[in-house]
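# Structural overview for review
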Amino acid sequence: MMFKMMMCKEATRLMSKQLDTSLTFQEKLSLNLHLAMCHACTQCNRQFRLLHQTGRHFEITLDKQAGTPPHRDGDET
């Protein structure tokens, strides 16, 4: 079996996906291999994670101020 290097577009799709759900073993492996070789995508992944954490922190802060329980993935709105 021949391994094909993932393109940056697919890597960014997986970076975004992993913030919301679990990746398959193959997706994780492919993404980690790509990140090991692509500095630009490594930086992008750091920025995605920072934005996600900042947004989550902001959401929790607003929920506390409003006195409502924090939103959890899978909850209906």
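Below is a short write-up of the structure. (Residues numbered from 1 in each chain as written. Predicted model: local features only at pLDDT ≥ 70, side-chain atom pairs only at ≥ 80, totals over all residues. Heavy atoms only, no water.)

So, about the overall build of the protein chain. Secondary structure summary: the protein chain contains 3 helices and 0 strands in total. Mapped in sequence order, the helices and strands of the protein chain form the string α-α-α. Split into buried and exposed, the 77 residues of the protein chain put 22% on the buried side. Summed over all atoms, the accessible surface of the protein chain reaches about 6,300 Å², with 60% contributed by carbon and sulfur. (Helix = DSSP H or I, 4+ residues; strand = E, 2+ residues; numbered from the N terminus. Buried < 20%, exposed > 50% of the residue type's maximum accessible area, 1.4 Å probe, protein only. Areas by Shrake-Rupley, 256 points an atom, 1.4 Å probe, with all protein chains shown as cover.)

Enumeration according to the criterion identifies 0 disulfides in this entry. Distance from the sulfur of Cys8, which forms no disulfide, to the nearest cysteine sulfur (Cys41) is 3.6 Å. (Disulfide = S-S within 2.5 Å.)

Time to look at helix H1 (residues 8–20). The terminal C-alpha atoms of H1 lie 19 Å apart, and with 13 residues this matches the ideal 18 Å at 1.5 Å per residue to within 8%. Every buried residue belonging to H1 is among Ala11, Leu14, Met15 and Leu19, and all of these are buried. Down the axis of H1, the smallest arc covering the buried residues is 145°, so these residues share one side. Exposed and oriented more than 90 degrees from the buried face of H1 are Lys9 and Asp20. Close packing links the buried residues of H1 with helix H2 (25–37) and helix H3 (39–66). (Expected span 1.5 Å × (residues − 1). Arc of directions from axis to C-beta. Contact = heavy atoms within 4.5 Å.)

Our next topic: the packing of H1 against H2. Where H1 contacts H2, the axes come no closer than 10 Å and their chain directions differ by 120°. With respect to each other, H1 and H2 are oriented oblique. Crossing geometry of H1 relative to H2 is assigned as left-handed. Judged by residue contacts, Cys8, Ala11, Arg13, Leu14, Met15, Lys17 and Gln18 of H1 engage Glu27, Leu31, His34 and Leu35 from H2. When grouped by side-chain class, the residues that make up the contact of H1 with H2 number 6 nonpolar, 2 polar and 3 charged. (Axes fitted to C-alpha atoms, helices over the stretch in contact; angles between N-to-C directions. Parallel < 35°, antiparallel > 145°, perpendicular 65-115°, else oblique. Left-handed = near helix turned anticlockwise from the far one by under 90°. Nonpolar A, V, L, I, M, F, W, Y, C, P; charged D, E, K, R; others polar.)

Before going further, it helps to examine a nonpolar patch on the surface. Together, Met5, Leu33 and Met37 line one region of the surface with nonpolar side chains, adding up to about 270 Å² of accessible area. You can see Leu33 is positioned in helix H2. According to the relative accessible area criterion, Leu33 is partly exposed, its value standing at 35%. (Patch = residues over 30% accessible without salt bridge, like charges linked within 9 Å, V, L, I, M, F, W, Y side chains within 5 Å. Salt bridge = Lys/Arg side-chain N within 4 Å of Asp/Glu carboxyl O.)

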